[in-house]
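Residues per chain are reported as follows:
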Amino acid sequence: MREYAPRQYTFSDAAHLLRRAGFAGPTSEVEALQKLGPNLAVERLLYASTDDNTIDNPFNLMSLFLERQAGSKAKIDPNAGLSGWWVHRLAHSSQPLKEKLVLFWHGHFATELQKVDNPFAMQQQNELFRQKGLGRFADLMLEVAKNPAMLRYLDNNRNVKGKPNENFARELVELFTIGVHGGYTEHDVQESARAFTGWTFQTGNRDKPEENDRFTNPTFVFNKKNFDGGEKTYLGQSGKLTGEDIVRIVTAHPSTAKFIITKLWKFFVGDTISPNDLAELTALWNSSGGEIAVLLRAIFKSEVFYAKSNRHALIKSPVEYAIGMLRSSSARLALEQSLGIWGAMRVMGQTLFEPPNVKGWDGGSDWVSDTTLLNRLNLVGAVTQRRLPAQLR
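Numbering of residues starts from 1 in each chain and follows the order in which that chain's sequence is written. Totals for whole chains, interfaces and linings use every residue, but because this is a predicted model, local features are given only for residues with pLDDT of at least 70 and side-chain atom pairs only at 80 or more, for both listing and counting. Side-chain measures were taken over the full set of non-hydrogen atoms in the model, leaving aside hydrogen atoms and water.

1. Description of the overall build of the protein
Secondary structure elements are taken from DSSP: a helix is a run of H or I of four residues or more, a strand is a run of E of two residues or more, and numbering for both begins at the N terminus. The secondary structure content of the protein amounts to 18 helices and 4 strands. Between buried and exposed lies partly exposed: a residue is buried under 20% and exposed over 50% of the maximum accessible area for its type, with that area taken using a 1.4 Å probe on protein chains only. Looking at the protein residue by residue over its 393 residues, the buried ones come to 54%. Contacts are residue-level and defined by heavy atoms, with any inter-residue pair within 4.5 Å sufficient. Considering only contacts within the protein whose residues lie at least 6 apart along the sequence, 73% involve residues at least 24 apart.

2. Remarks on the packing of helix α1 (residues 11-20) against helix α2 (residues 27-46)
To get an axis, fit a line to the C-alpha atoms, keeping to the stretch in contact for a helix; angles then go from 0 to 180 degrees between the N-to-C directions. Where α1 meets α2, the closest approach of the two axes is 8 Å, and the angle between their N-to-C directions is 75 degrees. With respect to each other, α1 and α2 are oriented roughly perpendicular. Contacts from Phe-11, Ala-14, Ala-15, Leu-17 and Leu-18 in α1 reach Thr-27, Glu-29, Val-30, Glu-31, Leu-33, Gln-34, Ala-41, Val-42 and Leu-45 in α2. In terms of residue class, the contact of α1 with α2 is built from 10 nonpolar, 2 polar and 2 charged. When an angle is under 35 degrees it counts as roughly parallel; over 145 it counts as roughly antiparallel; between 65 and 115 it counts as roughly perpendicular; any other value is oblique. When residue character is reported, Ala, Val, Leu, Ile, Met, Phe, Trp, Tyr, Cys and Pro are called nonpolar, Asp, Glu, Lys and Arg charged, and the others, Gly included, polar.

3. Structural notes on the packing of aromatic side chains
Pairing of aromatic rings covers Phe, Tyr and Trp, the last counted by its six-membered ring, and requires centre-to-centre distances within 6.5 Å; plane angles under 30 degrees mean stacked, over 60 mean edge-to-face, and any other angle means tilted. Under the counting rule described, the total for this entry stands at 21 aromatic pairs. Pairing Phe-222 with Phe-227 gives two aromatic rings, centres 5.4 Å apart and planes at 65 degrees, and the pair type is edge-to-face. Consider the rings of Phe-305 and Tyr-306, whose centres lie 5.0 Å apart with planes at 85 degrees: the pair is edge-to-face. Here the two residues Phe-305 and Tyr-306 agree in accessibility, since each one is buried. Each ring is checked for a lysine NZ or an arginine CZ that lies within 6 Å of its centre and within 35 degrees of its normal; such an atom marks a charge sitting over the ring. Between Lys-100 and the ring centre of Phe-23, over which it is positioned, the NZ or CZ distance is 5.3 Å. Across the ring face of Tyr-321, the terminal group of Arg-376 is positioned such that the distance to the ring centre comes to 4.7 Å.

4. Things to note about a nonpolar patch on the surface
Without a salt bridge and with relative accessible area above 30%, a residue can belong to a patch; like charges are then joined within 9 Å and nonpolar side chains (Val, Leu, Ile, Met, Phe, Trp, Tyr) within 5 Å. Only the protein chains shown count as cover for residues, and all accessible areas are computed by the Shrake-Rupley method using a 1.4 Å probe. Salt bridges are identified by distance alone: a Lys or Arg side-chain nitrogen within 4 Å of an Asp or Glu carboxyl oxygen. On the surface, Ile-315, Val-368 and Leu-373 cluster together to form a nonpolar patch covering roughly 230 Å² of accessible area. Take Val-368: it is sitting in the loop between α17 (335-347) and α18 (370-384). Val-368 gets classed as partly exposed once you look at its relative accessible area, which sits at 39%.

5. A few points about unusual backbone geometry
Of note, Ala-24 is a non-glycine position whose phi angle comes to about 85 degrees, a positive value. Note that Ala-24 resides in the loop between α1 and α2. In this structure, Asp-117 takes a positive phi of about 55 degrees despite not being glycine. Looking at the element boundaries, Asp-117 is found in the loop between α6 (113-116) and α7 (119-132).

6. So, the pattern of salt bridges
All chains considered together, the criterion is met by 16 salt bridges. Put simply, Asp-13 and Arg-311 hold a salt bridge, and the shortest N to O gap is 2.5 Å. Placement of Asp-13 in helix α1 and of Arg-311 in the loop between α15 (292-300) and α16 (318-328) is noted, with a sequence separation of 298 residues between them. The class for Asp-13 is buried, based on a relative accessible area of 3%. Residue Arg-311 is classed as buried on the basis of its relative accessible area, which comes to 19%. Of the charged contacts, one joins Lys-100 and Glu-320 as a salt bridge, the two residues approaching to 3.5 Å between their closest N and O atoms. In this pair, Lys-100 sits in helix α5 (residues 96-108) while Glu-320 sits in helix α16, placing the two residues 220 residues apart along the sequence. The exposure classification of Lys-100 matches that of Glu-320, with both residues buried.

7. Here's the deal with the packing of α5 against helix α13 (residues 254-268)
For the pair α5 and α13, interaxial distance at closest approach is 12 Å and the crossing angle is 120 degrees. Judged on the interaxial angle alone, α13 and α5 are oblique. As α5 packs across α13, the resulting crossing turns out to be right-handed. Here Leu-97, Lys-100, Leu-101, Leu-103, Phe-104, Trp-105 and His-108 of α5 come into contact with α13, specifically with Phe-259, Ile-260, Lys-263, Leu-264, Phe-267 and Phe-268. Grouping the amino acids of the contact of α5 with α13 by side-chain chemistry returns 10 nonpolar, 1 polar and 2 charged. With the far helix as reference, a near helix turned anticlockwise by less than a right angle produces a left-handed crossing, and one turned clockwise produces a right-handed crossing.

8. Regarding the environment of Tyr-4
With respect to the element layout, Tyr-4 can be found in the segment before α1. When the C-alpha positions of Tyr-4 and Pro-38 are compared, they lie 7.2 Å apart, and in sequence the two are 34 residues distant. With residues near it in sequence (within four places) discarded, Tyr-4 still touches Tyr-9, Asp-13, Pro-38, Lys-301, Ser-302, Glu-303, Tyr-306 and Arg-311. Counted as a polar contact is a pair of N or O atoms within 3.5 Å, where, for protein atoms, one must be capable of donating a hydrogen and the other of accepting one, and residues adjacent in sequence contribute only when both atoms are in side chains. A distance of 3.2 Å separates the side chain of Tyr-4 from the side chain of Asp-13, its partner in a polar contact.

9. Comments concerning α7
Over its 14 residues, α7 runs 20 Å from end to end, which matches the ideal 20 Å to within 8%, given 1.5 Å per residue. Among all positions of α7, only Pro-119, Ala-121, Met-122, Gln-123, Gln-125, Asn-126, Leu-128, Phe-129 and Arg-130 are buried. By definition here, a helix of n residues has an expected span of 1.5 Å times n minus one.

10. Concerning the nonpolar core
Leu-17, Trp-105, Phe-109, Phe-300 and Leu-352 are the most contacted members of the largest nonpolar core, which has 104 residues in total. Every residue in contact with Phe-109, bar those within four places of it in the chain, is listed here: Gln-125, Phe-129, Phe-137, Leu-140, Met-141, Val-144, Met-150 and Phe-176. Throughout, nonpolar core names a set of buried Ala, Val, Leu, Ile, Met, Phe, Trp, Tyr and Cys residues whose side chains join them through atoms within 4.5 Å.

11. Re the environment of Lys-225
Summarising the element assignment, Lys-225 is placed in the loop between β2 (219-222) and β3 (232-234). Counting along the chain gives 28 residues from Lys-225 to Thr-197, while the straight-line C-alpha distance between them is 9.4 Å.

12. What to know about the pairing of strand β1 (residues 199-202)
For a regular strand, the rule is simple: side chains alternate between the two faces of the sheet. Side-chain alternation along β1 places Trp-199 and Phe-201 on one buried face and Thr-200 and Gln-202 on a second face that is also buried. Any two strands are treated as partners once DSSP identifies two or more bridges connecting them. Strand direction decides the pairing type here: β1 and β2, joined by 4 bridges, are antiparallel. Bridge pairing links Thr-200 to Val-221 in β2.

Such coordinate-based values are descriptive only and should not be taken to indicate function.
Put into structure tokens, the structure is as follows:
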């Protein structure tokens, strides 16, 4: 794709980049990116300095909030501390692109806290997206497949030899890699499920690792006695395939590159990617081994990214809307206010750690209704008048 090379990199250009490769920001932040120019601005966003202003432990937030609410009759969601921690991080992180990508992967690899029922597992997955989200997609996919939150959410912790559970194997192809039209069969799903038998997690009960304990930090376990080590054929390749083999095969499938690139494009750029742009990014995927940072660099430096048709062309999710407003106004959140902002996002239609289903949020025009628009306006008033919501109601 042709790189964007304007005579002058304008304030509007830099603001557009920061909105898409982050959540927007104050005038000073936009001006700093403008001075760098289109290429160095992207590099700064890709490789921003390590965060030093966020809450280290998400579970400290919940305990502090409960202490401050001692004696109150307000009903507090026992998992709210996790969401409040992420809201605080989204609003104050010095790595906005990384957090924006965590939000993308959270919707792509959707898991629901209500079913997982373990905030430790959900936080572990959130951190996985942060640490691996800019790297090779194949590496990220393997770690997600081993992640206790995903193992629990799609029931792979109950996938055993002789009684294979196909839930994860099906979503692996349909939603996570090659897509529903990517070219797989029911037999591929069945063989994949056999390869993932024995993949489970360990919690507090060592005698029954398949059982969930929401008060412990879970770890991946391969239970060899429950693994089906027989011959399998998957997407045209045969052998005594393991779960690792399945991930390697499916992430190398030609449809995977096109599926992930298209989804990234719709999230960061616009609703439609041209055949030429898709072909160029697919070639870049193949040459880089599917490295997400390489793709995003090419996208954010491209002329098409800055095209008039792609500016102000996406409907922001409640999270993007709320965080963008907070960051633009340089608002600082107290602990209680982080939870209040989470509540505001929820009434606007998006609850962090609780996507509606395994497909995640549909987005686009689905974010817009009379009620959600009114709730957005209410948040505007709260932010501009410096009366941010202090607690959940």
